[in-house]
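# Results of the structural survey
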Amino acid sequence: MRMEVGDLLFVKGNCNFSPFIRFFLKSEYTHVTIAVDEEHICEVDLYRKMEIMKNPYKEYDLYRLKMNLTSVQQKELLLFLQRKVSTSKGYDWWRLISLCVKRYFRWNIIIHEQDRYICSEIIDKAFQHIGIDLVEDLVTGDVTPIDIMHSDRIKYVSSIYRHKGNLLEKGGFKKSG
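These notes cover the structure that comes with them. All values reported here derive from a predicted model rather than from experimental measurement. (Residues numbered from 1 in each chain as written. Predicted model: local features only at pLDDT ≥ 70, side-chain atom pairs only at ≥ 80, totals over all residues. Heavy atoms only, no water.)

### As for the overall build of the protein chain
Across its full length, the protein chain holds five helices and nine strands. Listed by position from the N terminus, the elements making up the protein chain come as β-α-β-β-β-β-α-β-α-β-α-α-β-β. By residue count, 47% of the 177 residues in the protein chain fall in the buried class. Split by element, the accessible area of the protein chain, about 9500 Å² in all, is 53% carbon and sulfur. (Helix = DSSP H or I, 4+ residues; strand = E, 2+ residues; numbered from the N terminus. Buried < 20%, exposed > 50% of the residue type's maximum accessible area, 1.4 Å probe, protein only. Areas by Shrake-Rupley, 256 points an atom, 1.4 Å probe, with all protein chains shown as cover.)

Next up, the structure:
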């Protein structure tokens, strides 16, 4: 399965903070990124600023919008992401911590640093920019990967596994989540 502009890659992270994120967000997925073409993604992660790069993930679940993006929407989505890449100052640890506190303790608090993002926030804002509200019942940007995964506007496409340079795919069925 080839990635298309706007496809979402959900990753079950294995960094030092993944168990913490899994626990507080109650999700096996700790990261989400967005495809900008067949081989490249745009992401921000715990250790570096937002960037567009060749997809490094060997294992992920691929999701896609149920509706096709128009060429204008694709172009606007890519321009939005490129603008954010050029101004990104890195990962927004405060937003991650406040989202975890909000989910776990039910406190309505969000702390956010200007030009810093978490993975799901930038995706939510990118789609909002082109007129698609992925998670209507939450404030734009105050979402987790699992919130986006449960959106009724996207669909599961396949599970991707890369082994020794070969791309293996297990898909075509609706994954429960």
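### Remarks on the pairing of strand S2 (residues 31–35)
Most of S2 sits out of view: five of its five residues are buried. Two elements, strand S1 (residues 8–11) and S2, share four bridges in a ladder whose sense is antiparallel. Each residue of the ladder has a partner; that of phenylalanine 10, found in S2, is valine 32. In terms of strand pairing, S2 meets strand S3 (residues 40–45) through two bridges, oriented antiparallel. In the sheet register, alanine 35 faces S3, and the bridge partner there is isoleucine 41. The hairpin formed by S2 and S3 contains four residues between the paired strands. (Pairing = 2+ DSSP bridges.)

### A short note on the packing of helix H2 (residues 71–87) against helix H4 (residues 119–129)
At their nearest, the axes of H2 and H4 sit 9 Å apart, and the two run at 135° to each other. The orientation of H2 with respect to H4, classified from their angle, is oblique. Note on packing geometry: the crossing formed by H2 with H4 is right-handed. Across the interface between the two elements, Glu76, Leu77, Phe80, Leu81, Arg83 and Lys84 of H2 pack against Ile122, Lys125, Ala126, Phe127 and His129 of H4. Across the contact of H2 with H4, the residue classes tally to six nonpolar, one polar and four charged. (Axes fitted to C-alpha atoms, helices over the stretch in contact; angles between N-to-C directions. Parallel < 35°, antiparallel > 145°, perpendicular 65-115°, else oblique. Left-handed = near helix turned anticlockwise from the far one by under 90°. Contact = heavy atoms within 4.5 Å. Nonpolar A, V, L, I, M, F, W, Y, C, P; charged D, E, K, R; others polar.)

### Digging into the pairing of strand S4 (residues 48–54)
Look at any regular strand and the pattern is simple: side chains alternate between the two faces of the sheet. Sheet topology places S3 next to S4; five bridges connect them, and they run antiparallel. Note that in S4 the partner of aspartate 45 across the bridge is arginine 48. Following S3, the chain reverses through two residues before pairing antiparallel with S4.

### Overview of the packing of aromatic side chains
In this description, a pair of aromatic rings is defined by centroid distance and the angle of the planes. This structure, assessed with the given rule, holds two aromatic pairs. Relative to tyrosine 63, the ring of phenylalanine 10 has its centre 5.0 Å away and its plane inclined at 75°; by these criteria the two rings are edge-to-face. Residue phenylalanine 10 is found in strand S1, and its partner tyrosine 63 is found in strand S5 (residues 59–65); the two are separated by 53 residues along the sequence. Of the residues examined, tyrosine 63 reaches a relative accessible area of 2% and is grouped as buried. Seen from their ring centres, tyrosine 63 and tyrosine 156 are 5.5 Å apart, and the 75° between their planes marks the pair as edge-to-face. (Phe/Tyr/Trp six-rings, centres within 6.5 Å; stacked < 30°, edge-to-face > 60°.)

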